[in-house]
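# Overview (structure and organization)
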Amino acid sequence: NVLAAYAHHHQIPMLLVTAARGGADDGYFYQVYKGQVSEKVAEATGLTVHRLSGPDDDWLFCQAQEQAWLQRRPVVLMCSRTALLGGAA
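In what follows, the accompanying structure is described.

Cut-offs and rules
- Along each chain, residue indices are assigned from 1 in the same order as the chain's sequence is written.
- Given that the model is predicted, a residue must reach a pLDDT of at least 70 before its local features are reported, and side-chain atom pairs must reach 80 or more before they are shown or counted; all residues, however, enter totals for whole chains, interfaces and linings.
- Computation of side-chain values: all heavy atoms of the structure, hydrogens and water removed.
- Only DSSP runs of H or I covering at least 4 residues are called helices, and only runs of E covering at least 2 are called strands; the numbering of each starts at the N terminus.
- In this scheme, a residue with accessible area under 20% of its type's maximum is buried, one over 50% is exposed, and one in between is partly exposed, where area comes from a 1.4 Å probe on protein chains only.
- In these tables, accessible area is a Shrake-Rupley quantity obtained with a 1.4 Å probe, and a residue counts as shielded only by the protein chains included in the view.
- Two residues form a contact once any of their heavy atoms are found within 4.5 Å.
- Whether two strands pair comes down to DSSP finding at least two bridges between them.
- Lines are fitted to the C-alpha atoms to define the axes, a helix being fitted only along its stretch in contact, and any angle between axes, read from their N-to-C directions, falls within 0 to 180 degrees.

Along the backbone of the protein there are four helices and three strands. Traced from its N-terminal end to its C-terminal end, the protein shows the element sequence α-β-α-β-α-β-α. Expressed as lengths along the three principal axes of its C-alpha atoms, the size of the protein is roughly 40 × 30 × 15 Å. Taking all 89 residues of the protein together, the buried fraction comes to 27%. Split by element, the accessible area of the protein, about 5,900 Å² in all, is 56% carbon and sulfur.

Our next topic: the side chain of S80. As for its placement among the helices and strands, S80 is situated in the loop between β3 (75-79) and α4 (81-85). On the basis of relative accessibility, which here comes to 18%, the residue S80 falls in the buried class. Sequence-distant contacts of S80, that is, excluding residues within four places in its chain, are made with A20, L52, S53 and G54.

Pairing is parallel in the open sheet, where three strands are placed in the order β1-β3-β2. Every other strand in the sheet has two partners, leaving β1 (15-19) and β2 (48-52) as the edge strands with one partner each. Averaged over all neighbouring strand pairs, the angle between strand axes comes to 25 degrees, with direction disregarded. Sitting on the sheet, helix α2 (residues 32-44) is in contact with β2 and β3, with an inclination near 150 degrees to β2.

Limitation: the analysis is restricted to geometry and does not speak to function.
Below is the structure:
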């Protein structure tokens, strides 16, 4: 509800950096459903979602920030465990 309000009513551009949970490298069963629905919920509210899988995707931070400003709505960056913790994760 809050994301939809920011996106549609208030048109506030912001960059949302989130952890992509529930993948094969996530050892917590209660994170699995979050990983299955997070991206779909964000897209259902009309938000653009990008996935970062590692350091090679760092360029997306600047591009997504610019995209949020141009779209006048939040843009979501979903970061994998490797993107957040590095290659040793």
